[in-house]
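Structural overview
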Amino acid sequence: MTEFWEKAFNNKQEMWGNNPAKSALLIKDFFLEKSVKNILIPGIGYGRNAQPFIESGLNVSGIEISKTAIDLARKHYGIDINIFNGSVTKMPFNNKKYDGIFCYALIHLLNSEERKKLIQDCYHQLTKNGFMVFTAITKNTSQYGQGELISKDRYEIHKGAKIFYYDQESVKTEFEKYGLFEITEVDENQSMYLIKCKKE
């Protein structure tokens, strides 16, 4: 996985452009409304989705598997925040608790056990009454069912990128033990679920 993302960021650099995703802007407003101060962004990439949070005065830490992506974040955005260089499957990287976690378009790239561990690890690093928000690709996208079938609802369209497609049922199955309270759909050029959980 490290090699896949290193190659991707080396070849394509800012492959998703410089503007933050719609979800990042929505969750920035949500976190501000809930008085969230310290957030963790697993899979921070080259920083485009960290920008709204940093600009709003939130204390941001990140996790990123690609050293190239971290260098791009520092170079292009001047992002001077704590970014752990490693895979989210190796969480936790510290013992800190965060009152907000935002994980964008990452969980669906993992296999069943890795998804389970990521959700557990994020929940474990939340403060009491903290919020974690995931975005995940849905079955309501034209890509669903294309490529090689790896396992139920998981397909490999491009070599090295295996994607699990969520429906409401699979969201509930994976998240309901972790304070799931809202699932909404957001259009990010493809259909994504915005999955909100709160640690009671």
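Everything discussed here concerns the structure shown above.
Description of the structure in this document. Quick caveat: nothing in here was measured; it's all calculated off a predicted structure.

Some thoughts on the sheet that holds strand β8 (residues 161-164)
The strand order across the open sheet built from three strands is β6-β7-β8, with neighbouring strands paired in antiparallel fashion. Single-partner strands in this sheet number two, and they are β6 (148-151) and β8. Along the sheet, successive strands turn relative to each other by an average axial angle of 35°, direction set aside. The pairing of strand β7 (residues 154-158) with β8 spans four bridges and is classified as antiparallel.

Comments concerning the layout of surface pockets
Roughly 270 Å³ of volume is contained in the second largest pocket. Forming the walls of the second largest pocket are 13 residues, and the residues nearest its centre are S112, R115, K116, T173 and E174. Looking at the lining of the second largest pocket, the elements that each hand over two or more residues are α5 (112-124) and α6 (168-175). Broken down by element, the residue count for the lining of the second largest pocket peaks at four residues, all from α5. Counted by class, the lining of the second largest pocket contains three nonpolar, four polar and six charged residues.

Overview of the side chain of D99
Along the chain, D99 turns up in strand β4 (residues 98-103). Of the side chains with opposite charge, K37 lies nearest to the buried D99, which makes no salt bridge, at 6.6 Å. Of the polar contacts made by the side chain of D99, one reaches the backbone nitrogen of K37; its length is 3.0 Å. Within the structure, the side chain of D99 is placed 2.8 Å from the backbone nitrogen of N38, a separation counted as a polar contact.

Quick word on the environment of E64
Secondary-structure assignment places E64 in strand β2 (residues 59-64). One polar contact links the side chain of E64 to the main-chain amide nitrogen of G45, over a distance of 2.6 Å.

Regarding helix α2 (residues 22-33)
If you check α2, its first and last C-alpha atoms are 17 Å apart, about what twelve residues at 1.5 Å a residue would give, namely 16 Å. Of the residues one or two after α2, S35 is the one with positive phi, at around 60°.

Observations concerning the pattern of salt bridges
If you walk through the whole model with that rule in mind, you get eight salt bridges. Ionic pairing is found between D29 and K28, a salt bridge with its closest N-O pair at 2.9 Å. On the accessibility criterion, D29 (43% relative accessible area) is partly exposed. Between D153 and K139 there is a salt bridge whose closest N-O contact spans 3.2 Å. Placement of D153 in the loop between β6 and β7 and of K139 in the loop between β5 (126-137) and β6 is noted, with a sequence separation of 14 residues between them. With a relative accessible area of 22%, K139 lands in the partly exposed category. Taken together, the shared-partner salt bridges connect K139, K152, D153 and D167 into one network.

A few points about the packing of aromatic side chains
The description of two aromatic rings rests on the distance between their centres and on the angle between their planes. Going through the model one piece at a time under the given rule, you end up with 13 aromatic pairs. Between F131 and F181, the ring centres sit 6.1 Å apart and the planes meet at 70°, which makes this aromatic pair edge-to-face. One end of the pair, F131, is in strand β5; the other, F181, is in strand β9 (residues 180-187), with 50 residues separating them in the sequence. Here the aromatic cluster, defined as three or more aromatic residues joined through ring pairs, consists of F30, F31, F53, F102, Y104, F131 and F181.

Observations concerning the sheet that holds strand β10 (residues 191-198)
Taking strand neighbours across the sheet as the criterion, the seven strands line up as β3-β2-β1-β4-β5-β10-β9 in an open arrangement whose pairing is mixed. Of all the strands in the sheet, the pair left with one neighbour each is β3 (82-85) and β9. On average, each strand axis in the sheet is tilted by 15° relative to the strand beside it, whichever way the strands run. Relative to β2, strand β1 (residues 38-42) runs parallel, the two being bridged by five bridges. Directly across from P42, in β2, lies its bridge partner I63. Here α6 sits on the sheet in contact with β5, β9 and β10, set at roughly 140° to β9.

Definitions and cut-offs
- Counting starts from 1 at the beginning of each chain's written sequence and moves along it residue by residue.
- Confidence filtering applies because this is a predicted model: local features only for residues at pLDDT of at least 70, side-chain atom pairs given and counted only at 80 or more, and all residues used for totals across whole chains, interfaces and linings.
- With hydrogens and water set aside, each side-chain value is computed from the structure's full complement of heavy atoms.
- Should DSSP find at least two bridges between two strands, the strands are regarded as paired.
- Starting at the N terminus, helices and strands are each numbered in turn, a helix being any DSSP run of H or I of at least four residues and a strand any DSSP run of E of at least two.
- Axis angles are defined between N-to-C directions and span 0 to 180 degrees, where every axis is a line fitted to C-alpha atoms and, for a helix, only to the segment in contact.
- Using protein atoms alone on a 1 Å grid, points that fit a 1.4 Å probe yet trap it form a cavity, whereas open point sets bounded by protein on both sides within 12 Å along at least five of seven lines form a pocket; residues with an atom within 4 Å of a point count as lining.
- Grid points are joined across faces, edges and corners, and a volume is the space filled by probe spheres set on the points.
- All amino acids are sorted into three groups, where Ala, Val, Leu, Ile, Met, Phe, Trp, Tyr, Cys and Pro are nonpolar, Asp, Glu, Lys and Arg are charged, and the leftover types, Gly among them, are polar.
- Three labels apply to residues, based on accessible area from a 1.4 Å probe with only protein chains included: buried if under 20% of the type maximum, exposed if over 50%, partly exposed otherwise in between.
- Here the positive residues are Lys and Arg and the negative ones are Asp and Glu; neither His nor the chain ends is included.
- Salt bridges are identified by distance alone: a Lys or Arg side-chain nitrogen within 4 Å of an Asp or Glu carboxyl oxygen.
- N or O atoms within 3.5 Å of each other form a polar contact, as long as, within protein, one can give a hydrogen and the other can take it, and as long as residues adjacent in sequence are counted only when both atoms are side-chain atoms.
- A helix is expected to span 1.5 Å multiplied by its residue count minus one.
- The aromatic pairing rule takes the rings of Phe, Tyr and Trp, using the six-membered ring of Trp, and pairs them if the centres are within 6.5 Å, calling planes under 30 degrees apart stacked, those over 60 edge-to-face and the rest tilted.
- Whether two residues touch is decided by their heavy atoms; if any such pair falls within 4.5 Å, the residues are in contact.

These results come straight from atomic positions and should not be treated as a statement about function.
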